[in-house]
Each structure stands twice: as C-alpha cells, then as structure tokens.
Amino acid sequence: MYHNGAVTDKDFAGLLKRVKGGSFAENRLSEVMMAVQGGMLFTSSQGRELVKVVHGDDEQQKTAVALFSQTVDPQQSGEIMMDFTFRNSKEDGVKKMLRMQPRLGPFTGPLDQ
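The rules we used
Residues numbered from 1 in each chain as written. Predicted model: local features only at pLDDT ≥ 70, side-chain atom pairs only at ≥ 80, totals over all residues. Heavy atoms only, no water. Helix = DSSP H or I, 4+ residues; strand = E, 2+ residues; numbered from the N terminus. Buried < 20%, exposed > 50% of the residue type's maximum accessible area, 1.4 Å probe, protein only. Lys, Arg positive; Asp, Glu negative; His and termini not counted. Salt bridge = Lys/Arg side-chain N within 4 Å of Asp/Glu carboxyl O. Polar contact = N/O pair within 3.5 Å; in protein donor to acceptor, adjacent residues only side chain to side chain. Contact = heavy atoms within 4.5 Å.

1. Quick word on the side chain of arginine 28
- Tracing the backbone through its elements, the reader meets arginine 28 in helix H2 (residues 25–37).
- Buried within the structure, arginine 28 lacks any salt-bridge partner; its nearest side chain of opposite charge belongs to glutamate 26, at an N-O separation of 9.4 Å.
- In terms of polar contacts, arginine 28 uses its side chain to reach the side chain of histidine 55, at 3.4 Å.
- The contact partners of arginine 28, leaving out residues within four places of it in the chain, are Val19, Lys20, Gly22, Val53, Val54 and His55.

See the structure below:
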C-alpha cells in the first residue's frame, strides 16, 4: 500500500477518484478525512492534488491542515497550499500549520503562489 512511506500511486488514484465522486465539498472532505484517520501518508504533491479537488473555502483549509500532519516530506508541505481558491483561507491554513511546526519540522511554503 505504501511506497517510501506514502500511499502508492495506484492507491492514491483510487482515493482521488472517490474524492472526486463526492457531490458536495463536505462529501469530498469526508473521504479525505477517512483516509487521514486510517493512517494514510501522502507526499506533498499528492496532498496538493487532494486540496485542488475539494471545493469550498473551509473544506480546502481543513483538508490542507489534516494532510499537513500526514506528509512524508514535511519540508515540502507548502506545496499543499498552492491551489487554494481563496487567499484568506491560505493564510489561515498556513497559520494553523505553523502552530503544528515544532513537532513536524521546518515548514516551507510561499503565500503568494
């Protein structure tokens, strides 16, 4: 199921398909949260893809914050924030991630991308 700590491309594709199949942002967020609670680990690139398909201001932020603690490459975790729809959500999400930083290592992620 895992490759280098992260979910395999095949399993990630299945998760992404289930997330995209959700008709509302809340449904898409629920799929991501089930994966996180199940212990799935992701690369920051995979996290970015999940955030991209979860629509809704609050839902995107919750997705990104949940995925931040599940990345195998926390030094690249700023990539998760790159496709936020709303800048305020991106800023709030970064603040939440920075509060998590001491236990996860350095955080990198420009706000203006």
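Right, picking up where we left off after that structure.
2. Describing the environment of serine 69
- Along the chain, the position of serine 69 falls in the loop between helix H4 (57–68) and helix H5 (87–104).
- For the pair formed by serine 69 and leucine 41, sequence separation is 28 residues and the distance between their alpha carbons is 8.7 Å.
- Polar contacts involving the side chain of serine 69 include one to the main-chain carbonyl oxygen of alanine 66, which spans 3.1 Å.

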